[in-house]
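What follows is the residue order along each chain.
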Amino acid sequence: MSPSARAKDPIRLRLRSVGRSILPVFALLAATSVPHAFTQAPAPAAPVTANPVPRATPAPSPTEDALAYADLLYSREQFALAAQQYQVFIREQPDSPSAEIAWFRLGECYLKVNQTEDAVTTFNYLINQYKKGPFVGSAAYRLAVLRFNAKDYRNALAYFKVAKDELSDAVAKNQALFYYARSLQLTGQAREALATFEQVMAAKPGGAENPFQERCLLESARLLFELGDTPKSLERFQALAKSASTPEFKEEAIVRGGLMAAEAGQPELSEQLLSEALKFPDTSPWKSLAQVGAIVNAFSREDYDRVIGLYNTGAYTAPDESRAKMLLIVGHSFRIKGDNESALRLYSLVEGKYFDKPEGIEAGYRKLQLMHQNGDPGLPAAAKTFAERQARVDPQSSFIDMAWLMAGEWHFAQAENSASGAGSDFAKKHYGDAAAAYRKVRLDKVDKKFHEARLYKQGWAEIEAGETSEGILTLSRFIQQHSQSALSSSALAKRAMAYQSQEDHDFALGDYLDIAKRYPDSPELEFALQQTALIYAHQRKIPEMIQAYGDLLDKFPDTQGAGEAHYWIGVGNFDLERYEEALVELDKARGMDPSLEDKTTLRIVIAHYHLEDIPKLAVEARRYLEKAPAADAPANEDEKDAPAQPKRTVIPPQILEYLGRKLAETEDWKDAEFFLTSITDPAAPEKTAPSVWRLIGDCRTKLKKHADAVTAYDHFLVQTERPSERASAYLARGIAQLCLRDFEAARNSAQESLRSQKEGRTNGEARLLLGDISAASGDLEEAAKEYLVVSQIFMDPEITPKALTKAINAYRTLGNQTKATELTQELSTAYPNYEAPASLDQEC
């Protein structure tokens, strides 16, 4: 039954109570001889709108006087006494022609004293007994009124039918016909009700104005709308709006007409009528509905400011279905105007109160949209609540899936924007929650425009959350279903990374090569080329790696990974022993990417070593060594908690030793000593080869770093057992000690050299050193003896003349010119071509 078919104003009978009860009708019926078939003939009755009942010509008999007396009591409203007299008459004269009117008056008396059940029984007896006539019609009308007011419209309908058929008074008959139409309306018989209202409107009872004209016009308008005939319904509401004399009817007609005009596509008429309705007093029950209609109209023409203005004028008492729609529209208007806070408030109100209605469902969904738009942290919980509640109301609603989709988007955004990075626990948790939400979305319930992004993000989130296998399968479905998507290359790249994390390098390589082949203009191409090269490097496919990095540089010369690309090309050529090509690429890499300094320089050093390019090897080796971090540098506060740095790779010691020896050969003592020292560990000298210590000592002697030279010779002597090598080292150590003017230590070193080497050149040099030590300490006589012994026992073209010359100088200084002359003669005879150096002293 439509809302318009409800009984707005029940027909009311004003009954007056009496102080005492009168004899029930059941007792009266039992006392009479009237059979239950009620076959008595009818008698005329009064119309239902008049209290007097028409009478037949009074009979002069005494029994008829009893009826007259009852009527007198009735006219004086002494209903209890009148009822008793009517009962007496009926009991004594059951076959009287006036019995019918007596029964009717008895029923009326029962009504007056609130003995309704007795009245109903009486009227039903009259109807069933007499069948026809105005009294039957009046009795049926009384019963119809009782049933109508009790909202028993189906039984009221039956009695009103009898009343309209049997009443003789035109006015009363029209009244019964009207309520017969209302009963049809209220029992859902719209077409029959409409036809009956048309009959009522067409009637001219007694030539007077039809009192039901306006009401019929109103109800027929309602019914026409209910039956879908909006144009005719609107016409009648318009007519009623213009002509109605009843304020309530007029107001309803104006408001309903305005609302209907809006639905009929007549916005100007709707606005005109509703504007008139907005002028109604606040007490009007139709003003709120008019305001709702005006709000709807304003929204339909996108006048959102007016929507909000109308809403803010006050409270609304519209029916729930209208109120829900109105509040939703106002919420939309606030949202469109950018007042999200007010929109959220309205959406929450509608959702809370009408959660199981379409308006409440849409409001809940719109609220989620705003929360999603604002990045509201409460969105996931709200989406979960909405989806679960909506699943109970309508499990097939697409809003459920959109809610999960928004929850997934929120979690995904949180993970993507995580300050702690994609691999953090925070990001992993949100990626996991996003994946779970995306999996709940039913694709057949959401618009196709969401399918690609949802599946793509689900796969991405699963991989980032550690659900690698699930993520690979999801992205595989995406790639298969959306091969032409702009996200396909990204999906391939992400799947390839997932394969790599599982050590499935061949599958990963296939995806990267697929990107290069199928999506040559994609943003992922650069990454794909780089990863292709790295996989080839991992697989030790050197030529393929070089080619892949070459392709990367050809297509992306300004790539951020250019330095790394040149580095790996250099490494590849290095591994293929193409050192010249390797040097070119490694040098480019070092210039482009400072972070590659150590790795590139180390390989550059080794390449120059293989090419035996000593000058460049020295430059690069020094560069590498001098940029080594200080081992004992204290960490600052920011570095104390930093992870330990990987240990720096050292230049192979054999390369530095080789370099040092080559430099020593060219008398580049300084660089030689630098590189050789770099491969030593003073704290563990035994870890360094003795030959290195010996060469370091010699370099330091040449550099006049005598104390350090002595240390190096000491390390050498500790590790050396061969006498000849020990003799030579002692000799060198003694010279250094002499330069330090540590004469005692120098003499001991010279003597150790003599003990280690009994003869030979080293022995002769040790003896000369003994002479030099004596001379330096001021004992020229001892020095002259040492020199003379060397000159007499050694026959060496360098040592012997040198010893003679030192002896000559010593004797001259001592004033022994004879001995000096003798030795001079011997020197010139034995070594006529000898030319003494400018200084015969040790170079200290």
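Refer to the structure above for everything that follows.
Below you will find a few notes about this structure. (Residues numbered from 1 in each chain as written. Predicted model: local features only at pLDDT ≥ 70, side-chain atom pairs only at ≥ 80, totals over all residues. Heavy atoms only, no water.)

Some remarks on the side chain of S490
Item 1. Along the chain, the position of S490 falls in helix α24 (residues 488-501).
Item 2. Classification of S490 by relative accessible area gives buried; the value is 10%.
Item 3. Leave out the neighbours within four places in its chain, and S490 touches Y456, W460 and E524. (Helix = DSSP H or I, 4+ residues; strand = E, 2+ residues; numbered from the N terminus. Buried < 20%, exposed > 50% of the residue type's maximum accessible area, 1.4 Å probe, protein only. Contact = heavy atoms within 4.5 Å.)

Quick notes on the packing of helix α31 (residues 614-626) against helix α33 (residues 653-665)
Item 1. For the pair α31 and α33, the least separation of the axes is 11 Å and the interaxial angle reads 130°. When the axis of α31 is compared with that of α33, the two are oblique. Crossing handedness for the pair α31 and α33: left-handed. On α33, the residues touching I614, L617, A618, A621 and L625 of α31 are I655, L656, Y658, L659, K662 and L663. (Axes fitted to C-alpha atoms, helices over the stretch in contact; angles between N-to-C directions. Parallel < 35°, antiparallel > 145°, perpendicular 65-115°, else oblique. Left-handed = near helix turned anticlockwise from the far one by under 90°.)

Here we look at the pattern of salt bridges
Item 1. Counting across every chain of the model gives 43 salt bridges.
Item 2. A salt bridge links E198 to R236, with the shortest nitrogen-to-oxygen separation between them at 2.6 Å. With E198 in helix α9 (residues 190-202) and R236 in helix α11 (residues 230-243), the pair connects residues that are 38 residues apart, well separated along the chain. (Salt bridge = Lys/Arg side-chain N within 4 Å of Asp/Glu carboxyl O.)

A word on unusual backbone geometry
Item 1. Despite not being glycine, E503 has its phi angle at roughly 65°, a positive value.
Item 2. Tracing the backbone through its elements, the reader meets E503 in the loop between α24 and α25 (505-518).
Item 3. Owing to a relative accessible area of 54%, E503 belongs among the exposed residues under this scheme.
Item 4. A positive phi angle, close to 60°, is found at K704, a residue other than glycine.
Item 5. Looking at where K704 falls in the secondary structure, it is placed in the loop between α35 (690-702) and α36 (706-719).
Item 6. The exposure class of K704 is partly exposed, given its relative accessible area of 47%.

Some words on the nonpolar core
Item 1. Among the nonpolar cores identified, the biggest contains 84 residues, and Y86, L126 and F160 are the most heavily contacted of them.
Item 2. Counting residues per element, this core draws most heavily on helix α6 (residues 134-149), at 10 residues.
Item 3. Residues A387, F412, A427 and A437 belong to the second largest nonpolar core, which totals 51 residues. (Core = buried A, V, L, I, M, F, W, Y, C linked by side-chain atoms within 4.5 Å.)

Some words on the environment of A239
Item 1. Along the chain, the position of A239 falls in helix α11.
Item 2. For A239, a relative accessible area of 34% puts it in the partly exposed group.
Item 3. Note: C-alpha distance between A239 and L218 (21 residues apart in sequence) is 9.6 Å.

Side note on the state of the cysteines
Item 1. Applying the stated rule across the entire model yields 1 disulfide.
Item 2. For C739, the disulfide goes to C844, at an S-S distance of 1.9 Å. Torsion about the S-S bond of the C739 and C844 cystine: about -70°, corresponding to left-handed handedness. Here C739 is found in helix α37 (residues 723-739), whereas its partner C844 is found in the segment after α42 (817-830), with 105 residues between them in sequence.
Item 3. Residue classification places C739 among the buried positions, given a relative accessible area of 15%. (Disulfide = S-S within 2.5 Å.)

Some details on the packing of helix α34 (residues 669-678) against α35
Item 1. At their nearest, the axes of α34 and α35 sit 9 Å apart, and the two run at 145° to each other. Remark: the crossing between α34 and α35 carries left-handed chirality. Here W669, A672, E673, L676 and T677 of α34 come into contact with α35, specifically with V692, L695, I696, C699, R700 and K702.
Item 2. Among the residues forming the contact of α34 with α35, the class breakdown is 7 nonpolar, 1 polar and 3 charged. (Nonpolar A, V, L, I, M, F, W, Y, C, P; charged D, E, K, R; others polar.)

A word on helix α21 (residues 425-439)
Item 1. Relative to the 21 Å expected for 15 residues at 1.5 Å per residue, α21 spans 21 Å between its end C-alpha atoms, a close match to the ideal helical length.
Item 2. All buried positions along α21 are accounted for by A427, H430, Y431, G432, A434, A435, A437 and Y438. (Expected span 1.5 Å × (residues − 1).)

What to know about the packing of aromatic side chains
Note on aromatic pairs: each is described by the distance of the centres and the angle between the planes.
Item 1. Counting across every chain of the model gives 25 aromatic pairs.
Item 2. Here F299 and Y304 contribute two aromatic rings whose centre-to-centre distance is 5.6 Å and whose plane-to-plane angle is 65°, an arrangement assigned as edge-to-face.
Item 3. Judged by relative accessible area, F299 falls into the partly exposed class, the value being 22%.
Item 4. By relative accessible area, Y304 is classed as buried at 16%.
Item 5. Look at F574 and Y579: their rings are 5.5 Å apart centre to centre, the planes differ by 80°, and that puts the pair in the edge-to-face class. Across the pair, Y579 and F574 agree in class, each one buried.
Item 6. Members of the aromatic cluster, each reached through a chain of ring pairs, are Y141, F148, Y153, F160, F178, Y179, F197 and F212.
Item 7. Directly above the ring of Y74 sits R105, whose terminal nitrogen or CZ lies 4.5 Å from the centroid.
Item 8. Against the face of F674 rests R622, its NZ or CZ located 3.9 Å from the ring centre. (Phe/Tyr/Trp six-rings, centres within 6.5 Å; stacked < 30°, edge-to-face > 60°. Lys NZ or Arg CZ within 6 Å of the ring centre and 35° of its normal.)

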